[in-house]
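The primary structure of each chain is shown beneath.
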Amino acid sequence: MAMSCPGRLVVPFASSPISKVCKTTSVSVSCSSSHLSTPLPNEQANDSSNCSNNNFSYSRASPSERWPHLQLQLAETYPLSQTPFSATPPQLTHVDKEAELSLESPESETLGVDDETQEKLGRVSKNRVKKMTKLALKRAKDWRERVKFLTDRILGLEQDQFVADVLDDRKVQMTPTDFCFVVKFVGQVNWQRALEVYEWLNLRHWYSPNARMLATILAVLGRANQEALAVEIFTRAEPAVGNTVQVYNAMMGVYARNGRFQEVQKLLDLMRERGCEPDLVSFNTLINARLKAGAMLPDLTIELLNEVRRSGLRPDIITYNTLISACSRESNLEEAMKVFEDMDSHNCQPDLWTYNAMISVYGRCGMANKAEQLFRDLEFKGFFPDAVTYNSLLYAFAREGNVDKVKKICEEMVELGLGKDEMTYNTIIHMYGKLGQHDLGLQLYGDMKLSGRNPDVVTYTVMIDSLGKANKIKEASNVMSDMLDAGVKPTVRTYSALICGYAKAGMATEAEETFNCMRRSGIRPDFLAYSVMLDIHLRCNEIMKALVLYREMVHDSFKPDHTLYQVMLQALRKENKVKDIEKVVRDMKELCGMSPQTISSFLVKGECYDLAAQMLRLGICNGDELDDENLLSILSSYSSSGRHKEACDLLEFLKEHTEGYNQLIAEALVVVLCESCQLDAALKEYNNAKDSGFFSGSSTMYDSLIRCCEENELLTEASQIFADMRFCGVEPSECIFKSMVTVYCKMGFPETAHCLINQAELKGIPLDYPSIYVDVIEAYGKVKLWQKAESVVGNVRQRYMNVDRKMWNALIRAYAASGCYERARAVFNTMMRDGPSPTVDSINGLLEALIVDGRLTELYVVIEELQDMGFKISKSSILLMLDAFAQAGKIFEVKKIYSGMKAAGYFPTMHLYRIMIRLFCKGKRVRDVEAMISEMEEAGFKPDLSIWNSMLKLYSGMEDYKKTAQIYQQIKEGGLEPDEDTYNTLIIMYCRDRRPEEGLSLMYEMRKVGLEPKLDSYKSLISAFGKLQVLEQAEELFNELHSKGYKLDRSFYHTMMKIFRDSGNHSKAESLLSMMKEAGVEPTIATMHLLMVSYGSSGQPQEAEKVLTNLKETGVNLTTLPYSSVINAYLQNGDYNVGIQKLMDMKKEGLEVDHRIWTCFIRAASLSQHTSEAIILLNALQDAGFDLPIRLMTEKSELLFSELESCLEKLKPVEDNAAFNFVNALEDMFWAFELRATASWVFQLAVKKNIYRHDVFRVADKDWGADFRKLSAGSALVALTLWLDHMQDAALQGYPESPKSVVLITGTAEYNMVSLNRTLKACLWEMGSPFLPCKTRSGLLVAKGHSLRMWLKDSPFCLDLELKDAPSLPELNSMQLTEGCFIRRGLVPAFKDITERLGLVRPKKFARLALLSDDKRDKAIQADIEGGKEKLEKLKTKVGYKRTRMIKKLRKRKFIQRPLPNSS
């Protein structure tokens, strides 16, 4: 039977009962898993004779006391010999009766003459009987009485008495054979007294030592497990005595008891060397030793039998019974059948022992019915069952736990008169122990004692083992006490069982004391005892004790099991015992024969990672096959400890050193890379493995990949991997189903996710996780499929009855995503009625439903209802409302909610500040933004980059470039790293401010930090360089984008066409057409229009007409746009007749004249030199069906104004700013031909009709300013005059008050090749105004408020600012376009003369020079030039003089050397 101690179970501290063996203490400990084999009945006597009842000790029993010089020679006594069998370290012993057969009868003893003549039994006593002759002594029949008399006297000695006191008395006369029996019988009770008798006989030299005496003492010491003493005595024996088969057999029996097969084999070889031929007893002992040495290998029994036959001997019944008994112990039915068949084939008749062993084999192999059948057949074979037979059958059914059958067999035994013996009780007690019926076991134990059967060592061992396993250590300790009180000596198994019980109860001290007590009693610990104690020491962190015990264990030929090695390595690593770890590893390799891969696995579990990897690499380099299980264990340990890099390196090494493709390594590498968050490398490895063609993958690998892709939001990759997995036929696990449902929900495929849930349920994998259904419901809501979300909740409700709060909230959010407020409110009411109660998320869902539905005004109503219901409105709800109103741009509502939030005690968060500032920036509420920034900083928040970016866009959009630069500086000072929005906003700002060089440098800086500008930034840079006529840089940027493969839209090509057009490089503009087609961008009519405008501006109207002709040939439905481009080209070139002809051709082709043609002819009329030319152009329009312009020029009727108003009403909705361009053209014409009042009326009408902005100019309190951008030159001059008139009235009246500086925004753009900035400056400079160009920004004119007021009051140019129509049209155009400047015709010569010779001069100086005649102006300019030169010379002289004077002063200065400071 087997007993075991549970492994690696950590138990808490427990109070220990008072041990009868050792002192008591309590400690927490765990027991390693080992097995305890209960001794068979025929082993009980052998194992129990370990120590006497008294405390007698024989000091000379120790070899170190007897012959200390032999300690180092014992190992050299027997040379190593080759053995045909493999052996392992020993287990427990079996009987060796053959060595003692000759001791049973004194008649069989024959002694040599020398033995008898040298025998002396002491000196002659006067009181004793006359000494018998030798022959008479030998023939005497009372030898048993003499032996018993002397044996009883020796065993009756007290502890302090000696054997010599009895032997020297010589009460009886003894022969050498009698002394052999004395030694044997004394040794059965006390081996130390038997050794003392043997030593007394040797010391007295009363007889010559004979082989029989030597064999007897060896047998005694063997039974007492005193192998060292037996080896010593055998070594000291004289060759003449020791070199006999009987002695060798006895010594081999000593070794065989402990399964030391190698030592038995050595003795067998030594016998043959010394000429002593082994007999059958020798081989039977050898077989017994081999079978005890380790596990039984296949065909081992037949090989042992053949070995006997090869020696010329015939196996007898003892040989066969030994083999079958060994098969019984090993539960090896196959080998037992082979032996039985061999026995039958060699005509060796089985005896009852044989059949008993076969019944035992069947029982141990779980074949109780087969054992019973053989039992029933015994009578037919001529045998009658004995107690051993019944006990073997009893064991078979007890092993199966068949209580009824066991009781029936017991009753049958009693009926036959056999009765229950100790073995019977032991078997039944052990059965109850295995069944956990310990009370019945204890009851049977009591019945056994009452029935007169004394419990033997097996009984006590079984009881202690069963109670220890049941954690009844107190009862186990009591059983040990009973055992000692009964005089039964505990065996090694008894002690081991008790040690295991103490270990399981956490009583480490008691376990250690029991272990020490066992060793003090002379019992050598077995594997279980060593293992348990070693485990206790390791887990109690007693490393030194553990190492000492480990060395003793190895010395006794025991090997720790794998679990112990793992615990040992872990403990040594914690204490950083590197050298001891290396020694243990060496033992694992040399003693246990472990492969480097196996050792590596244990090292990893022991957290000795570096050494583990080193051992595995060593094994692979040595050509060992990779053990998949060990590799997985190593990788698992690496993964659990987070050492992913080491795992990757190891796998890469294995990949390089493994021939061919190894799927396990590939999969493991993918898994490890996923766990180490190296998803890109994992996907690459996965794709490489998949491309190899031999890859299918495991569920674990796919699980790791999909989970990792999900965590990194690589949803498409996760979906593809899942598809690969299904294609390879790998069944998804529950984790994969869960991950893929989440992935498909995130991808916006809720139907697919829902389908996966159904598939999992069909496969028996119910995904009963509320979070899964919540994800599906929310995904349905996001794609506006609230009906299916509703059905999911309905299904869950039908299946589980209850729907949790998260699911209800998810349904509310699904309704909210579609704006279904009423349905969301119904769910809310259901939660209020049936539960669970709504939460903040529920309320936010209701509010979100109203927001999505655009019912913002109802938010306040719902909030009031919720408050009436007792809900407190949370901060998140308020933020949700505020964000909604902010998205709608309702600044007033946002400010109101913000104030209410602060009043409710909710402090603003960073997110709230972002929302508010972003809203104010969009609304261009500068003061609110600045106030919010101040409040934010007072609250302890620092503006983040998104807030600064919003402010950058605000100031950049307002063209406050100075403030924009300050914000950028604050970003740098705050330690923030600008992002793409920051750089792109600044680049566009620099482009608007006509500083593209700085924008370009910023773009280079942006690239250095790894950011790429947006295409809009490139477009702004290209456009800005084009406006500055920096053609090379603009073209370089465009070519860079084109070469990098950017997909440019049509606007880029149009921008470049405009740049080439303005620069006069029309060939490049034409080449852009082919580039567009190569890039896959088809030119449109607008593209062709740009090309035609380019030709027209360059004075090549014929080329523009060719483009039109090509367009006609393509069959495209043409509008007036390309015709207007051709007509405008001819009109700009002065070919009025051709332009008019083209107009007629257009009409003939069926196209009606529209606003584009009107604008072309009116603009050409405004630029014509003579009035007659303008009339011709306007008459052409009249002939084409549009007479309003000519009538406005020539007639004075109020009806014309109503017609113009209706015309503008029609043009307003027309695209391409039709009304705006038409009004601009009219304004230019009316101003050019001195119809100024008409121009003023048209201007005000355009403002009234919202064609022009209402804030083109303003004269408010401390806010005088104007913005004339996008106006034509004529419109701007009209606006300027009206503005000056309003400011003059304010200056004269003193109200509204002027600001310190008045700003006029002209912009830098050109409108139809006219620069508004130059035109207005020429006008204001002619008038001598105080307006000057802004020093920091281009496109701005600034005047000081006081100077402006004085000028408006006093300047003769401001005496009459009223706009009036001339009485009649002038013969010539009053305005002339020169160098992009639309100025008064009479001012052109003076303007050119002044600007060419003096450059930009101040307005007053310009006005003074312009009023002079040509001669005087020439002289004044010449004098100014010469005066400037003289002034420059004087300045140079003055600077040189000052420098010389300074040098002289420095030379005259005295230098005084100051004393050095005292070092002390």
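As a reminder, the structure under discussion sits directly above these lines.
Conventions and cut-offs
Residues numbered from 1 in each chain as written. Predicted model: local features only at pLDDT ≥ 70, side-chain atom pairs only at ≥ 80, totals over all residues. Heavy atoms only, no water. Helix = DSSP H or I, 4+ residues; strand = E, 2+ residues; numbered from the N terminus. Buried < 20%, exposed > 50% of the residue type's maximum accessible area, 1.4 Å probe, protein only. Areas by Shrake-Rupley, 256 points an atom, 1.4 Å probe, with all protein chains shown as cover. Salt bridge = Lys/Arg side-chain N within 4 Å of Asp/Glu carboxyl O. Pairing = 2+ DSSP bridges. Phe/Tyr/Trp six-rings, centres within 6.5 Å; stacked < 30°, edge-to-face > 60°. Lys NZ or Arg CZ within 6 Å of the ring centre and 35° of its normal. 1 Å grid on protein atoms, 1.4 Å probe; cavity = no way out; pocket = protein on both sides within 12 Å on 5 of 7 lines; lining within 4 Å. Points joined across faces, edges and corners; volume = space filled by probe spheres on them. Nonpolar A, V, L, I, M, F, W, Y, C, P; charged D, E, K, R; others polar. Right-handed = clockwise from strand over helix to strand, strands pointing away. Patch = residues over 30% accessible without salt bridge, like charges linked within 9 Å, V, L, I, M, F, W, Y side chains within 5 Å. Lys, Arg positive; Asp, Glu negative; His and termini not counted. Charge placed at Lys NZ, Arg CZ, Asp CG, Glu CD. Axes fitted to C-alpha atoms, helices over the stretch in contact; angles between N-to-C directions. Parallel < 35°, antiparallel > 145°, perpendicular 65-115°, else oblique. Left-handed = near helix turned anticlockwise from the far one by under 90°. Contact = heavy atoms within 4.5 Å.

### Description of the overall build of the protein
Of the regular secondary structure elements, the protein holds 75 helices and 13 strands. Evaluated residue by residue, the protein yields a buried proportion of 51% over its 1464 residues. Accessible surface computed for the protein: about 70,100 Å², of which carbon and sulfur atoms make up 51%.

### Structural notes on the pattern of salt bridges
Counted by the stated rule, this structure contains 61 salt bridges. A salt bridge links Glu-512 to Lys-545; the nearest nitrogen and oxygen atoms lie 3.2 Å apart. In this pair, Glu-512 is assigned in helix α27 (residues 508–520) and Lys-545 in helix α29 (residues 543–555), connecting sequence segments 33 residues apart. We note a salt bridge from Glu-1203 to Arg-1191, for which the minimum N-O separation is 2.9 Å. Residue Glu-1203 is found in helix α67 (residues 1198–1211), and its partner Arg-1191 is found in helix α66 (residues 1188–1194); the two are separated by twelve residues along the sequence. For Glu-1203, a relative accessible area of 31% puts it in the partly exposed group. For Arg-1191, a relative accessible area of 18% puts it in the buried group. Each of Glu-959, Arg-1253, Asp-1255, Asp-1267 and Arg-1269 takes part in salt bridges that share partners, so that together they form one network.

### Some remarks on the sheet that holds strand β5 (residues 1257–1260)
Read across the open sheet, the five strands follow the order β5-β6-β7-β11-β10; overall the sheet is mixed. What marks the edges here is a single partner per strand, and that holds for β5 and β10 (1332–1333). As paired strands, β10 and strand β11 (residues 1340–1344) are joined by two bridges and run antiparallel to one another. Residue Pro-1333 lies in a different strand from β11, and its bridge partner there is Leu-1341.

### A closer look at the packing of aromatic side chains
For the structure on display, the rule yields 22 aromatic pairs. An angle of 65 degrees between the planes, with centres 5.8 Å apart, marks the rings of Phe-234 and Tyr-248 as edge-to-face. In this pair, Phe-234 is assigned in helix α10 (residues 227–236) and Tyr-248 in helix α12 (residues 245–257), connecting sequence segments 14 residues apart. The exposure class assigned to Tyr-248 is buried, which follows from its relative accessible area of 0%. In this structure an aromatic cluster arises from ring pairing among Phe-340, Tyr-355 and Phe-383. We note Lys-1019 situated over the ring of Phe-1052; from NZ or CZ to the ring centre the distance is 5.2 Å. A cation over a ring is seen here: Arg-1236 above Trp-1231, with NZ or CZ 4.0 Å from the ring centre.

### Notes on empty space enclosed by the protein
With the rule as written, the count across this model stands at five cavities of 30 Å³ or more. Its volume calculated, the largest cavity comes out at about 80 Å³. Taken together, Arg-1163, Ser-1166, Leu-1167, Asp-1228, Ser-1272, Ala-1273, Tyr-1311, Asn-1312, Val-1314 and Phe-1382 make up the lining of the largest cavity. Considering only residue class, the lining of the largest cavity consists of five nonpolar, three polar and two charged.

### Quick notes on the pairing of strand β6 (residues 1263–1267)
Buried residues dominate β6, accounting for four of its five residues. Judged from the four bridges that link them, β5 and β6 form a sheet pairing that is antiparallel. What sits directly across from Arg-1258, in β6, is Gly-1265. A loop of two residues connects β5 with β6, the two strands running antiparallel in sequence, and Lys-1262 in this loop sits at a positive phi of about 60 degrees. In this sheet, strand β7 (residues 1301–1305) lies alongside β6 in parallel orientation, the contact comprising three bridges. By the bridge assignment for β7, Asp-1267 is matched with Ile-1305. Note on the crossover from β6 through helix α70 (residues 1273–1293) to β7: the handedness is right-handed.

### Describing a positive patch on the surface
On the surface, Lys-1335, Lys-1344, Arg-1402 and Lys-1404 cluster together to form a positively charged patch. In this fold, Lys-1404 is placed in helix α74 (residues 1403–1411).

### Regarding the packing of helix α5 (residues 143–155) against helix α7 (residues 176–189)
At a minimum axis distance of 9 Å, the contact between α5 and α7 shows a crossing angle of 45 degrees. In terms of orientation, α5 and α7 fall into the oblique class. Considering only the axes of α5 and α7, their crossing is right-handed. Within the contact between the two elements, α5 uses Trp-143, Arg-146, Val-147, Leu-150, Thr-151, Ile-154 and Leu-155 and α7 uses Asp-178, Phe-179, Phe-181, Val-182, Phe-185, Val-186 and Val-189.

### Here's the deal with the environment of Cys-1381
Tracing the sequence through the fold places Cys-1381 in strand β13 (residues 1381–1384). By relative accessible area, Cys-1381 is classed as buried at 1%. Taking the C-alpha atoms as reference points, Cys-1381 and Ala-1322, separated by 59 residues in sequence, lie 7.8 Å from one another. When sequence neighbours within four positions are dropped, the list of residues in contact with Cys-1381 reads Arg-1318, Thr-1319, Ala-1322, Gln-1376 and Phe-1391.

### Describing the pairing of β11
In the case of a regular strand, side chains alternate between the two sheet surfaces. Pairing geometry for β7 and β11, over five bridges, is antiparallel. When the bridges of β11 are listed, Ser-1301 appears paired with Lys-1344. Two successive antiparallel strands, β10 and β11, enclose a turn made up of six residues, where Gly-1339 displays a positive phi of approximately 80 degrees.

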